[in-house]
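What follows is each chain in one-letter form.
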Amino acid sequence: MRSPGPTQLSLAGRGPLRGRVRPPGDKSISHRALLLGALAEGRSILTGLSDGDDVVRTQAAVEALGAGVSPAVGEAGLTVDGGRDRLGPPGEPLDMGNSGTGLRLVAGLVAQWPGPVELTGDLSLSSRPMDRIAVPLRLMGAEVEGRGPTCLPPVVVSGGGLRGIDYTPPVASAQVKSAVLLAGLSATGETVVREPVATRGHTEEMLAAYGADIEIVDAGPGRIVRLLPSALRPFRLAVPGDPSQAAFWVVAACIVPGSEVLVEHVHVGRGRRGFLDVLSRMGADIEEIPVAGEPDTADLLVRSGPLRSTVVEPGEASGLIDEIPVLAVAAALAAGTTLFRQVGELRVKESDRLAATAALVRSFGAGAEVGGDDLAVEGRSALTPAVVDAGLDHRMAMAAAVAALAGPAPATGTTRIDGWRAVESSYPAFIVDLDRLSSRDGERGELP
Ligand code: S3P
């Protein structure tokens, strides 16, 4: 167990950010790599996994289910020894910490057994709705129990004897799609998930790559995935950098005057690059330099400059839902009013991020208003220092840090972020990376 970081961070503008930074491995891909590695028949080798607590919890969960996880000899990675015969329900509850993705995906995987398997989490996760996975898993034949009408954790899953379903999720959610597909791997018959608007596609794309009997059909903004019960073959995967973490540095480099930052090795695939499109519309100076031999991966060269407002349309939101708090910080320094349309899903993230994002923007002196499910942010030419409580929400903590960096130097006032420790769930080294980017004499190397 790592010792937890500080609960409070004081931060002020430090001048330009310059140099290179490599965000942690993509969290979504890391969770799936561990789960699919546990299911695959043999030894998988994973490098570049996220080092955040969310993924550490998923690793602990697959070990509790019977997979063998060890450091890979001679590589900065892990081996996962998996296979159906090794796995079974754990004797103890699985504590998924702060991670909705972890809990929802593991619930889908364990639904293959009569169970019961109990899934728990921290205070934040314990207030997040699990009915969105309980409904389809029950249709497949599992029993899923939770607290209250929205099935809050702890959640108890008792499955086995699952049957495939044809399901259209009522909310755009990659986690729901993934829970259904993971359960579908061991259901009888075909499992179909129809998404009116496609969400991130890692689960079905990784299942296809690792030998599942699966068909993926893109139709306009939507996607249909058909899966038959399948065994998976082991795989070797180098996880690319997390675009949702990269977004903090990209926005910081845009809004801190004089900055020039190369954000390295970022996954920019379909369903994950939406924040780059939005920032480009806002006039950001971002050059995408593809990484040779690694599809959908780029280095992002970002230089500061003036931003203007934009409208983020409903169809775009699911492709950048995690980036909205930091995009709102960019909007707080853009000319005009930026509108994020139909982003009500933010209410059920690690905190009520719709209210929290509006409050964050206002506390730094810009304008923000929530109308129905829309968020409007009115930009200012400068931000003022603030006191922010991140609660148990890592992305609110880091969005506040980015806003603080664009604020005045320490002499004029310092931003205080309570609950800073939340960053442990996804980006434990955030401050180390920040110190490197803002040091006057640090190792910068030549930028391209
Ligand atoms: C994720 C899906 C998204 C996202 C979350 C990670 C995933 O959630 O917000 O951080 O890895 O599948 P929803 O599925 O609830 O949209």
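The text that follows walks through the structure, step by step, so that each part is easy to find. Residue positions within a chain follow its written sequence, with the count starting from 1. Residues qualify for local features only when their pLDDT is at least 70, as the model is predicted, and side-chain atom pairs are given and counted only at 80 or more; totals for whole chains, interfaces and linings, by contrast, use all residues. In computing side-chain properties, one takes all heavy atoms of the structure into account and sets aside hydrogens as well as water.

A separate point is the overall build of the protein chain. Runs of E in the DSSP output that reach at least two residues are strands. Runs of H or I that reach at least four are helices, and both are numbered from the N terminus. Of the regular secondary structure elements, the protein chain holds 13 helices and 25 strands. For the protein chain, the C-alpha atoms occupy an extent of roughly 65 × 50 × 40 Å along the three principal directions. Here the protein chain holds 448 residues, and 59% of them are scored as buried. Partitioning the intrachain contacts of the protein chain with sequence separation of at least 6 by distance along the chain shows that 76% fall at a separation of at least 24. What sets the accessible areas is the Shrake-Rupley method with a 1.4 Å probe; for residues, cover comes only from the shown protein chains. Entry remark: accessible area of the protein chain is about 16,300 Å², with carbon and sulfur atoms responsible for 53%. Lys and Arg are tallied as positive, Asp and Glu as negative. Neither His nor the chain termini are counted. Every charge is mapped to an atom, namely NZ of Lys, CZ of Arg, CG of Asp or CD of Glu. The averaged location of the 54 negative side-chain charges in the protein chain is 1 Å from the averaged location of its 42 positive side-chain charges. Under the scheme applied here, a residue whose accessible area is under 20% of the maximum for its type counts as buried, over 50% as exposed, and between as partly exposed, the area being computed with a 1.4 Å probe on protein chains only. Residues count as neighbours in contact if any of their non-hydrogen atoms are within 4.5 Å of one another.

All right, on to the packing of aromatic side chains then. For any pair of aromatic rings, the description consists of the separation of the ring centres together with the inter-plane angle of the planes. Here a pair means two rings of Phe, Tyr or Trp (six-membered ring of Trp) with centres within 6.5 Å. Their orientation is stacked below 30 degrees between planes, edge-to-face above 60, and tilted elsewhere. Following the criterion strictly, the structure yields 6 aromatic pairs and no others. Taking the centre distance of 6.4 Å and the plane angle of 85° together, the rings of F248 and F430 count as edge-to-face. Of this pair, F248 sits in helix α7 (residues 243–255) while F430 is found in helix α13 (residues 430–438), placing the two residues 182 residues apart along the sequence. Given a relative accessible area of 1%, F248 falls into the buried group. Overall, the relative accessible area of 0% leaves F430 in the buried class. An aromatic cluster is built from F248, W249, W420, Y427 and F430, whose rings are joined through pairwise contacts.

Each residue is tested against the molecule or strand, and it is near if at least one of its non-hydrogen atoms lies within 4 Å. The local shell around the ligand holds 13 residues, among which S28, R32, S173, D322 and K349 are the closest. The side chain of K349 places a nitrogen or oxygen atom 2.6 Å from an oxygen atom of the ligand. Isolated, the ligand exposes 380 Å² of accessible area, and the fraction of that covered by the protein chains is 93%. Each residue receives one of three labels: charged for Asp, Glu, Lys and Arg, nonpolar for Ala, Val, Leu, Ile, Met, Phe, Trp, Tyr, Cys and Pro, and polar for the others, Gly being one of them. Looking at the shell around the ligand residue by residue, the class counts come to 3 nonpolar, 4 polar and 6 charged. Residue assignment places the shell around the ligand across two domains, with domain 1 (8–23 + 240–437) and domain 2 (27–227) each supplying three or more. Throughout this description, a polar contact denotes any pair of N or O atoms lying within 3.5 Å of each other; where both atoms belong to protein, one of them has to be capable of donating a hydrogen while the other can accept it, and for residues adjacent in sequence the pair is counted only when both atoms sit in side chains. An automatic or database domain assignment is the source of the domain bounds shown.

As a further point, take the nonpolar core. Residue types Ala, Val, Leu, Ile, Met, Phe, Trp, Tyr and Cys, when buried and joined through side-chain atoms within 4.5 Å, form a set referred to as a nonpolar core. If you look at the biggest cluster of nonpolar residues, it comprises 78 residues, and the most contacted ones within it are I255, V263, L279, L300, F340, F364 and W420. With near-sequence residues (within four places) excluded, I255 lies in contact with L307, V329, A330, L333, V402 and A406. Core analysis: the second largest hydrophobic core is formed by 65 residues, L137, L162, V176 and L185 among them.

Counted as salt bridges are all cases of a side-chain nitrogen of Lys or Arg within 4 Å of a carboxyl oxygen of Asp or Glu. Under the counting rule described, the total for this entry stands at 36 salt bridges. Salt-bridge contacts for D435 lead to R14; the nearest nitrogen and oxygen are separated by 2.8 Å. In this pair, D435 sits in helix α13 while R14 sits in the loop between β1 (8–11) and β2 (18–21), placing the two residues 421 residues apart along the sequence. Residue R14 is classed as partly exposed on the basis of its relative accessible area, which comes to 30%.

Now for the sheet that holds strand β5 (residues 77–82). When DSSP finds at least two bridges between two strands, those strands are taken to pair. Read from one edge of the open sheet, 4 strands run β4-β5-β3-β14, paired in mixed fashion. Edge positions in the open sheet fall to β4 (68–71) and β14 (236–238), since each of these has one partner strand only. Strand after strand, the sheet turns through a mean of 20° between neighbouring axes, direction not considered. Sheet topology places β4 next to β5; 4 bridges connect them, and they run antiparallel. Bridged to V69 within β5 is V80. Structural elements are reduced to axes, namely lines fitted to C-alpha atoms, with helices fitted over the stretch in contact, and the angle between N-to-C directions of any two is expressed from 0 to 180 degrees.

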